[in-house]
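# Understanding the architecture of this molecule
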Amino acid sequence: EFDSAKHRALEERPTPAGKGHRQQKSQATDASKAKWREKSAAFREAMAQNRLIAQYQKEGRPLSELPTLPTREDSSLVPCQSCGRTFNEAALARHSKICKSVFTNKLNLKDKKR
């Protein structure tokens, strides 16, 4: 006969973890939680702005009267020295190789046209 209470007791028993396992896990989750909070706050601000736009449109008011919100920049993004676009570090490494050659070609073409 199957006893569900015994089965649940076996499943709920904590598994032993190595030393420092909980600290490493909590540090990793703290960083990901902070990043999530940042993204969540930006999303909520965008939703509030969209509700305000919808309200202005419904009332027939011009959108030029909308208050401007300060833009948030992601602190993990690094600007490209050639074009100014922002990337994370891995993408910037790939992009900068191509961007340098493209910008030097564009500059050379402009000089030739003059």
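This text goes with the structure placed above it.
Here we summarise the structure given alongside this text.

About the cut-offs
- Residues numbered from 1 in each chain as written.
- Predicted model: local features only at pLDDT ≥ 70, side-chain atom pairs only at ≥ 80, totals over all residues.
- Heavy atoms only, no water.
- Helix = DSSP H or I, 4+ residues; strand = E, 2+ residues; numbered from the N terminus.
- Buried < 20%, exposed > 50% of the residue type's maximum accessible area, 1.4 Å probe, protein only.
- Contact = heavy atoms within 4.5 Å.
- Areas by Shrake-Rupley, 256 points an atom, 1.4 Å probe, with all protein chains shown as cover.
- Salt bridge = Lys/Arg side-chain N within 4 Å of Asp/Glu carboxyl O.
- Phe/Tyr/Trp six-rings, centres within 6.5 Å; stacked < 30°, edge-to-face > 60°.
- Lys NZ or Arg CZ within 6 Å of the ring centre and 35° of its normal.
- Core = buried A, V, L, I, M, F, W, Y, C linked by side-chain atoms within 4.5 Å.

From N to C terminus, the protein includes 3 helices and 2 strands. Ordered by position from N to C terminus, the α and β elements of the protein give α-α-β-β-α. Residues classed as buried in the protein amount to 10% of the 114 residues present. At a minimum sequence separation of 6, the contacts of the protein that also span at least 24 residues come to 14%. As displayed, the protein offers around 10600 Å² of accessible surface, 54% of which is attributable to carbon and sulfur atoms.

In this section: the pattern of salt bridges. Proximity of charged atoms lets side chains of opposite charge pair with each other. Evaluated as defined, the whole model comprises 2 salt bridges. In this structure, Arg61 and Glu59 form a salt bridge, with 3.2 Å as the shortest nitrogen-oxygen distance. With its nearest N and O atoms 3.4 Å apart, the salt bridge here joins Arg61 to Glu65. With a relative accessible area of 44%, Glu65 lands in the partly exposed category. One salt-bridge network, in which partners are shared between bridges, spans Glu59, Arg61 and Glu65.

Taken as a whole, this structure holds 0 aromatic pairs when the rule is applied. The positively charged end of Arg61 is found above the aromatic ring belonging to Tyr56, 4.0 Å away from the centroid.

For Ala46, the location among the structural elements is in helix H2 (residues 21-59). Relative accessible area serves as the criterion here: at 38%, Ala46 is assigned to the partly exposed category. Considering only alpha carbons, one finds Ala46 and Leu69, 23 residues apart in sequence, at a separation of 9.6 Å.

Listed in full, the 5 residues of the largest apolar core are Cys80, Phe87, Ala91, Leu92 and Cys99. When residues of this core are assigned to their parent elements, the largest contribution, 3 residues, is made by helix H3 (residues 89-113). Ignoring any residue separated from it by four or fewer positions in sequence, one finds Cys99 in contact with Cys80, Ser82 and Cys83.

By themselves, these observations are geometric and do not establish any function.
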